[in-house]
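Commentary on secondary and tertiary structure
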Amino acid sequence: MSRYREIKNATAVVVGVRLLKKASTPRAHEAIRDLIVANPALSYQQIADFLGCSRWLIYRVAVEFGVRRPRGAGSPSRRKEGQ
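Quick caveat, the model's predicted, so the values are computed rather than measured.

Notes on the nonpolar core
- Counting residues in hydrophobic clusters, the biggest one holds 14 residues, and the most contacted among them are Y4, I32, I36, L51, C53, L57 and I58.
- Elements with a contribution of two residues or more to this core: α2 (25-38), α3 (44-51) and α4 (55-65).
- Beyond its immediate sequence surroundings of up to four residues, Y4 is in contact with T25, A28, H29, I32, L51, C53 and L57.

Written as structure tokens, this is what we have:
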């Protein structure tokens, strides 16, 4: 099972009188947003590989929450160690 599915299941909510768990996509997206913000040195592809989902999902979550990252050669993800 991918980490993204684990995040969705971990943020599930009990619905109604019956014990029914409903996976929470918005909460999973919030967790992904927190991961993007906490790891500026990782590329979207690296985050997607870590979570076991597509790079496109990571990109869509970033757009959804307005998370902007530095671009170009000076961005943290492209810097060499020790600079």
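What about the pattern of salt bridges?
- On inspection of all chains with the given rule, the structure shows one salt bridge.
- In this structure, R33 engages D34 in a salt bridge whose closest nitrogen and oxygen atoms are separated by 3.2 Å.
- On the accessibility criterion, R33 (25% relative accessible area) is partly exposed.
- Classification of D34 as partly exposed rests on a relative accessible area of 44%.

A word on a nonpolar patch on the surface
- A cluster of nonpolar side chains, namely W56, Y59 and V63, defines an oily patch on the protein surface of about 320 Å² accessible area.
- Residue placement: W56 occurs in helix α4.
- A relative accessible area of 56% means that W56 is categorised as exposed.

Reading guide: rules and limits
Residues numbered from 1 in each chain as written. Predicted model: local features only at pLDDT ≥ 70, side-chain atom pairs only at ≥ 80, totals over all residues. Heavy atoms only, no water. Core = buried A, V, L, I, M, F, W, Y, C linked by side-chain atoms within 4.5 Å. Buried < 20%, exposed > 50% of the residue type's maximum accessible area, 1.4 Å probe, protein only. Helix = DSSP H or I, 4+ residues; strand = E, 2+ residues; numbered from the N terminus. Contact = heavy atoms within 4.5 Å. Salt bridge = Lys/Arg side-chain N within 4 Å of Asp/Glu carboxyl O. Patch = residues over 30% accessible without salt bridge, like charges linked within 9 Å, V, L, I, M, F, W, Y side chains within 5 Å. Areas by Shrake-Rupley, 256 points an atom, 1.4 Å probe, with all protein chains shown as cover.

Worth remembering: the numbers are spatial, not functional.
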